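A closer look at the structure
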Amino acid sequence: MSFSSIASMLEAAKSADKPLYTVVCEDDCQENNYTEEASHRQIQTLWEAMQQSSKQYCASDRSNSGFIGGDAEKLRLAAQAGALIGGTYLLRVIEEALKVAECNACMKRIVAAPTAGSCGVLPAVLLPLTEEKQLDTEVILQALYIAAGFGQITAIRANVAGAEGGCQAEIGTASAMAAAALTHCMGGTAEQCAHAFAMSLGNLLGLICDPVAGLVEIPCVKRNVVGAVNAVSAANMALAGITSHIPADEVIDTMGEVGDTLPASLRETGLGGLAATPTGKKITEQVLHHEQSL
Amino acid sequence: MRLFDILGPIMVGPSSSHTAGAVRIGLTARKLLGEAPVHADISLHGSFALTGHGHGTDCALIAGLLGMQPDDLRIPNSYALAEQEGLSFTFSTVQIRNAHPNTARLQLTGASGRTLDVVAESIGGGRIRVSSIDGIEANFSGEHNTLIVHNQDTPGHVAAVTSALMQRHVNIATMQLFRNAQGGYAVMILECDQPIPTDIEQWLSHIDGIQKITIFNQEDPS
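Sequence positions are assigned chain by chain, starting from 1 and proceeding in written order. The order in which chains are written sets their letters, starting at A; the order in which ligands are written sets their numbers, starting at 1. Per-residue local features are limited, in this predicted model, to residues with pLDDT of at least 70; the limit for side-chain atom pairs, both in listing and counting, is 80 or more; totals at the level of whole chains, interfaces and linings are taken over all residues. Derived side-chain values reflect all non-hydrogen atoms in the structure, with water molecules and hydrogen atoms excluded from consideration.

1. As for the pairing of strand β2 (residues 37–46) of chain B
All names here are of chain B. Counted only if it meets this: When DSSP finds two or more bridges between a pair of strands, those strands are recorded as paired. Secondary structure elements are taken from DSSP: a helix is a run of H or I of four residues or more, a strand is a run of E of two residues or more, and numbering for both begins at the N terminus.
The sheet contact formed by β2 and strand β4 (residues 102–110) spans nine bridges and is antiparallel. Across the sheet, Ile 42 pairs through a bridge with Leu 106, a residue of β4. As paired strands, β2 and strand β3 (residues 88–93) are joined by six bridges and run parallel to one another. Its bridge partner being in β3, Ile 42 is matched across the sheet by Phe 91.

Encoded structure:
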């Protein structure tokens, strides 16, 4: 990507009088010698893979460690029974986030967005939207370009790896990308997408990466839910005309700086946070024992 | 930074570094060997050794050796497929000094008896770095169109390879030279902007002292 800031990406769209998604697509094609047709085919393939990553869910699947599986189904059944609060869309978002993240832990096929650990967030906000609204697939694909544009700038200015920046870099970035995508799908402007992105990322600053036994399971699966619901809140705020007082680029830089100051124990080493709790340690021992017996 | 690095890859979970990256390491090693491997001795270092099984790193490496891509749904069943396809393997744990936390060493034997010893690291997001080939230091990602030439360390080989690329209008993006000793065994790694025409392999193989040529071309877009 040739843009190094969200401000310059938005400015390029404005001065060329082109939609933001077109600018993101053209920039990527130019940088990497792709044709726009090839790029469109690939984004279409990604969207189909996201849909598939939810459809393949099987409630009886369990991860290798045995700790992950079946939760999305529990949520679906409870929602169906009318036992939960939050409205149809929000409950579906929670269910989809669990579904896709559980599929990832159970070695099914997913789309890393931006990482495998955070793969549930973007499909969680988009899939239920296509049920709720009569949306043209083209609008979803445009939203994916927008999400990717914001995500690339985050990767360039800060980073998107838990080992480098903590969970804020993975779930935080995924959530902010999803907020921008959702804002676009709901008819928001490029500026509103940027505000949704900034508010979403800003709300998850400081989130640590503390996987129990070092696996992409506990608490990663449930953090996908946090990222997805946070994206819905931020998109709603932006669509209502609420703005982020801190510009998106400054929020990204802050995320990078906060990541740098996080101790190593809170950056995907499995040595701090929930991984270091008495129960977390017990699970780690169980998993390691299981490893050695193989 | 490419758009489809941030949105993608499409992959079998759970970890882009421990699973998708491990498949790429296996696949890259298979391409470097230049044929289907029949035996593999695999050593895992660091986090690959500690949390590898929980992340499916072991079956991911085998899947790659069998020629699968990171999105292949057969990855969890690769052990059974290896047996069907006649690939035997061993796994062990190793401590490699100053190595990246996610490092694997693969010692391969191919169907024709050809051998290869490769060390590679999974550096995040499913991306990898090959850090050693046959004991000689290397540094390449497999993300670009790459030409790898193994040759005797004597004058003229670099000129022969670069002029062969020039004649085919292929631009060199990066170029690295490694050798085990002066006049010994050398490896040349050239990352190029355009796909490398396959006829270059036959052309170069006639040159005295050139021992092995490997071509990796990228699919568009990946």
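2. Focus on the UniProt feature "domain: ACT" (unreviewed entry) in chain B
Here is the rule: UniProt positions are given in the numbering used here, feature names are shortened, and annotations may be inferred rather than shown by experiment.
What UniProt calls "domain: ACT" (unreviewed entry) maps, in this numbering, to residues 146–218 of chain B. Secondary structure content for residues 146–218 of chain B is 25% helix and 41% strand, and the end C-alpha separation is 9 Å.

3. Structural notes on the packing of helix α9 (residues 167–185) of chain A against helix α11 (residues 220–239) of chain A
Residues and elements named next belong to chain A. As a reminder, the rule being used: Helix axes are fitted only over the stretch in contact, all axes being lines through C-alpha atoms; the angle between N-to-C directions runs from 0 to 180 degrees. Our angle categories are set so that under 35 degrees counts as roughly parallel, over 145 as roughly antiparallel, 65 to 115 as roughly perpendicular, and the remainder as oblique. Crossing handedness follows the turn of the near helix against the far one: under a right angle anticlockwise gives a left-handed crossing, and clockwise gives a right-handed one. Two residues form a contact once any of their heavy atoms are found within 4.5 Å. Residue type decides the class: Asp, Glu, Lys and Arg count as charged, Ala, Val, Leu, Ile, Met, Phe, Trp, Tyr, Cys and Pro as nonpolar, and the leftover types, Gly among them, as polar.
It is at 8 Å that the axes of α9 and α11 come closest, and there the two elements cross at 40°. By the angle between their directions, the pair α9 and α11 is classed as oblique. In the packing of α9 onto α11, the handedness of the crossing is right-handed. Across the interface between the two elements, Cys 167, Ile 171, Ser 175, Ala 178, Ala 179, Leu 182 and Thr 183 from α9 touch Arg 223, Asn 224, Gly 227, Asn 230, Ala 231, Val 232, Ala 234, Ala 235, Ala 238 and Leu 239 from α11. Residues that form the contact of α9 with α11 fall into these classes: 11 nonpolar, five polar and one charged.

4. Focus: the interface of chain A and chain B
Rule in force here: Buried surface area refers to the total accessible area, computed with a probe of radius 1.4 Å, that the two partners give up upon joining, counted for both partners together. Salt bridges are defined as contacts in which a side-chain nitrogen from Lys or Arg sits within 4 Å of a carboxyl oxygen from Asp or Glu. Pairing of N or O atoms within 3.5 Å defines a polar contact, subject to two protein rules: one partner must be a possible hydrogen donor and the other a possible acceptor, and residues neighboring in sequence count only if both atoms are side-chain atoms.
Residue-level contacts link 43 residues of chain A with 34 residues of chain B. Across the chain A to chain B interface the summed buried area is about 3,200 Å²; carbon plus sulfur atoms make up 65%. The interface formed by chain A and chain B holds zero salt bridges in total. Along the contact surface separating chain A from chain B lie 10 residue pairs in polar contact (both at pLDDT 80 or more). Only α2 (20–32), α3 (36–55), α5 (87–105), β1 (109–111), α7 (137–157) and α13 (278–292) of chain A provide two or more residues apiece to the side of chain A that touches chain B. Split by residue class, the side of chain A that touches chain B holds 28 nonpolar, 11 polar and four charged. In this sheet, strand β1 (residues 10–12) of chain B lies alongside β1(A) in antiparallel orientation, the contact comprising three bridges.

5. Focus on the sheet that holds β2(B)
Residue and element names in this part refer to chain B. Taking strand neighbours across the sheet as the criterion, the six strands line up as β3-β2-β4-β5-β6-β7 in an open arrangement whose pairing is mixed. The two strands at the open ends of the sheet, each matched to only one other strand, are β3 and β7 (136–140). Along the sheet, successive strands turn relative to each other by an average axial angle of 20°, direction set aside.

6. A look at the domain arrangement of chain B
All names here are of chain B. To be explicit about the condition: Segmentation of the chain into domains, including their bounds, is taken from an automatic or database domain assignment.
Under the domain assignment used here, chain B contains domain 1 (3–140) and domain 2 (145–216). A straight line from the C-alpha centre of domain 1 to that of domain 2 covers 25 Å. Contacts between domain 1 and domain 2 engage 13 residues on the former and 14 residues on the latter. Overall, the association of domain 1 and domain 2 removes approximately 1,100 Å² of surface from exposure, summing both partners, and the carbon and sulfur fraction of that is 71%.

7. Regarding a nonpolar patch on the surface
Residue and element names in this part refer to chain B. The test is simple: In this scheme, patches are assembled from residues that exceed 30% relative accessible area and form no salt bridge. Like charges are connected within 9 Å, while nonpolar side chains (Val, Leu, Ile, Met, Phe, Trp, Tyr) are connected within 5 Å. Values of accessible area rely on a 1.4 Å probe in the Shrake-Rupley scheme; residue burial ignores everything except the protein chains shown. Remark: exposure states derive from per-residue accessible area (1.4 Å probe, protein chains only) relative to the maximum for the residue type, with buried under 20%, exposed over 50%, and partly exposed in between.
A contiguous nonpolar patch, built from Val 158, Met 175 and Leu 177 and spanning about 240 Å² of accessible area, is present on the exposed surface. With respect to the secondary-structure elements, Val 158 resides in helix α6 (residues 157–167). Residue Val 158 is classed as partly exposed on the basis of its relative accessible area of 32%.

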